[in-house]
Amino acid sequence: MTRKSVTAQYPDAQPLLPPRSRGVIGLLEENCTVCMLCARECPDWCIYIDSHKETLPAVDPNARARTRNVLDRFAIDFSLCMYCGICIEVCPFDALFWSPEFEYAETDILELTHERERLREWMWTVPAPPALDPAAEEPKEIAVARKAADKLAAAAGGDAA
């Protein structure tokens, strides 16, 4: 209250945003298994997913063929999205991330439905996760994997001698 207010002239001066700010949702398509959890949990129903099943031949002659879902369309309508982040939280395969990009205004509201190609472009602006605490305990999964790798290395070293 004792200082004079200063207005930042937005297009000329970019705002200083926090490093993990919410801007737009980015899609890492390789991680998406088309489980549809994000679309089902979205309170605004602004996520559109289309897929088809593909049959993979059996590797072993006695095994049965497997099917997998293939992503055909993944789109988010940002004119409906309320940026709650539920889709990002429920994704079990880490396919959705917050990107700090916020300049995606369009002149036509119909152009605010962004397809997977555009969502993929925003993935490259997602900041890296914070570094792990060096004093933290090692996760159990990594400890078990390391112990198994050490046993294999010891067995291979013993066989070589």
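Residues numbered from 1 in each chain as written. Predicted model: local features only at pLDDT ≥ 70, side-chain atom pairs only at ≥ 80, totals over all residues. Heavy atoms only, no water.

The next point concerns the side chain of aspartate 77. With respect to the secondary-structure elements, aspartate 77 resides in strand 3 (residues 66–77). Polar contacts involving the side chain of aspartate 77 include one to the side chain of threonine 113, which spans 3.4 Å. Setting aside anything within four residues of it in sequence, one finds aspartate 77 in contact with Cys46, Tyr48, Leu112 and Thr113. (Helix = DSSP H or I, 4+ residues; strand = E, 2+ residues; numbered from the N terminus. Polar contact = N/O pair within 3.5 Å; in protein donor to acceptor, adjacent residues only side chain to side chain. Contact = heavy atoms within 4.5 Å.)

Next up on the list: a nonpolar patch on the surface. On the surface, Tyr10, Leu17 and Phe102 cluster together into a nonpolar patch covering about 260 Å² of accessible area. Its place among the elements puts leucine 17 in the segment before strand 1 (24–27). (Patch = residues over 30% accessible without salt bridge, like charges linked within 9 Å, V, L, I, M, F, W, Y side chains within 5 Å. Areas by Shrake-Rupley, 256 points an atom, 1.4 Å probe, with all protein chains shown as cover. Salt bridge = Lys/Arg side-chain N within 4 Å of Asp/Glu carboxyl O.)

Below, the discussion takes up helix 3 (residues 116–123). Of all the residues in helix 3, the buried ones are Arg116, Leu119, Trp122 and Met123. Take helix 3 and look down its axis: the buried residues cluster within an arc of 115°, on one side only. For helix 3, the secondary structure elements touched by its buried residues are strand 1, strand 3, strand 4 (96–99) and strand 5 (113–114). (Buried < 20%, exposed > 50% of the residue type's maximum accessible area, 1.4 Å probe, protein only. Arc of directions from axis to C-beta.)

Let's shift gears to the packing of aromatic side chains. Aromatic rings considered in pairs are described by the distance between their centres and by the relative angle of their planes. Enumeration over the complete set of coordinates arrives at five aromatic pairs. Plain terms: the ring middles of tyrosine 10 and phenylalanine 102 are 6.0 Å apart, the flat faces sit at 50° to each other, and that makes the pair tilted. A residue pair is termed long-range when its members are at least 10 positions apart, and tyrosine 10 in the segment before strand 1 and phenylalanine 102 in the loop between strand 4 and strand 5 qualify at 92 residues. Residue phenylalanine 102 is classed as partly exposed on the basis of its relative accessible area of 35%. Of the aromatic side chains, those joined through ring pairs into one cluster are Phe78, Tyr83, Tyr104 and Trp122. (Phe/Tyr/Trp six-rings, centres within 6.5 Å; stacked < 30°, edge-to-face > 60°.)

Here we take up the sheet that holds strand 5. Across a sheet, strands are paired by hydrogen bonds formed along the backbone, either parallel or antiparallel in direction. Read across the open sheet, the three strands follow the order 2-3-5; overall the sheet is antiparallel. Strands at the two margins of the open sheet, each flanked by one partner only, are strand 2 (47–56) and strand 5. As defined by bridge partners, strand 2 adjoins strand 3 across ten bridges and the pair is classed as antiparallel. Within the sheet, the bridge partner assigned to threonine 55 lies in strand 3 and is threonine 67. Along the sheet face, helix 3 touches strand 3 and strand 5 and points at about 85° away from the line of strand 3. (Pairing = 2+ DSSP bridges. Axes fitted to C-alpha atoms, helices over the stretch in contact; angles between N-to-C directions.)

With that settled, consider the nonpolar core. By size, the foremost hydrophobic cluster in this structure holds 26 residues, and its most contacted members are Ile25, Ile47, Ile49, Phe74, Ile76, Phe78 and Leu96. Contributions of two or more residues to this core are made by strand 1, helix 1 (37–41), strand 2, strand 3, helix 2 (86–90), strand 4 and helix 3. (Core = buried A, V, L, I, M, F, W, Y, C linked by side-chain atoms within 4.5 Å.)

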